[in-house]
Amino acid sequence: MTTATTTTTTPARTVTRFLTAFELGDVATALSVVDESVRVNLYAIGLRGAGKAELGGFLADTAAAFPDLRLTVRRTIEAGSVVTVELKLEGTQAAGYLGAINQEKHLDVDQAWRFTVDGDRLTGVDAYWCQNQLYRRLAVKRLDQISLV
């Protein structure tokens, strides 16, 4: 028996549910659409071949560091089971993040996320952004020894 929910679910809607929950800082709800065997690659921070737990840790760290997190979706491209989203991540730093201490700096970083969707579950997440841009926005001067400008 097919329900109305499953017949109206598209890969793009599944991705939208994930991103909306992430933006609200609701990591548990974001992860509720992620498959247990998800393959996660966050290239900028060197996280490759990770799973649901590592994705959850990254989402939780981001939500904690930027309680006013805002994701502005610029473009969504749905090609079958693959959804690519171009977005801007913004917020004001309220905790240490990826090695940079909290300076209450505003961060805005352009990103591209590629999701593979099977039914209503995310089975692959690949995220791309310029880590140097992120560090510049957080006033990190040197990348070999994280220091402040």
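Cut-offs applied
- Residues numbered from 1 in each chain as written.
- Predicted model: local features only at pLDDT ≥ 70, side-chain atom pairs only at ≥ 80, totals over all residues.
- Heavy atoms only, no water.
- Helix = DSSP H or I, 4+ residues; strand = E, 2+ residues; numbered from the N terminus.
- Buried < 20%, exposed > 50% of the residue type's maximum accessible area, 1.4 Å probe, protein only.
- Contact = heavy atoms within 4.5 Å.
- Areas by Shrake-Rupley, 256 points an atom, 1.4 Å probe, with all protein chains shown as cover.
- Pairing = 2+ DSSP bridges.
- Axes fitted to C-alpha atoms, helices over the stretch in contact; angles between N-to-C directions.

Enquirer: Break down the overall build of the protein chain for me, citing the residues and quoting the values.
Expert: When its secondary structure is counted, the protein chain shows 5 helices and 6 strands. When the helices and strands of the protein chain are read in sequence order from the N terminus, they spell out α-α-α-β-β-α-β-β-β-β-α. Buried residues in the protein chain amount to 42% of all 149 residues. Partitioning the contacts of the protein chain with sequence separation of at least 6, the portion at a separation of at least 24 is 56%. Of the roughly 7600 Å² that the protein chain leaves accessible, carbon and sulfur atoms contribute 52%.

Enquirer: Would you mind going over unusual backbone geometry in detail, with residue names and values included?
Expert: Peptide bonds are trans in most cases, and residues, glycine excluded, mostly fall at negative phi. Located in the positive-phi region is Leu 98, a residue other than glycine, with phi close to 50°. Structurally, the position occupied by Leu 98 is in the loop between β4 (82-92) and β5 (106-118). For Glu 104, which is not a glycine, the phi torsion comes out positive at approximately 60°. Tracing the backbone shows Glu 104 in the loop between β4 and β5. By relative accessible area, Glu 104 is classed as exposed at 62%.

Enquirer: Any chance you could break down the sheet that holds strand β2 (residues 47-50) for me, citing the residues and the numbers?
Expert: Pairing is mixed in the open sheet, where 6 strands are placed in the order β2-β1-β6-β5-β4-β3. The sheet terminates laterally at β2 and β3 (70-79), the two strands that pair on one side only. Taking each pair of neighbouring strands and ignoring which way they run, the sheet shows an average axis angle of 20°. Relative to strand β6 (residues 121-129), β5 runs antiparallel, the two sharing 8 bridges. Paired with Trp 113 across the bridge in β6 is Ala 127. The strands touched by helix α4 (residues 52-65) within the sheet are β1 (34-42), β2, β4, β5 and β6, with β1 carrying the most contacts at an inclination of about 65°.

None of this, on its own, says anything about what the molecule does.
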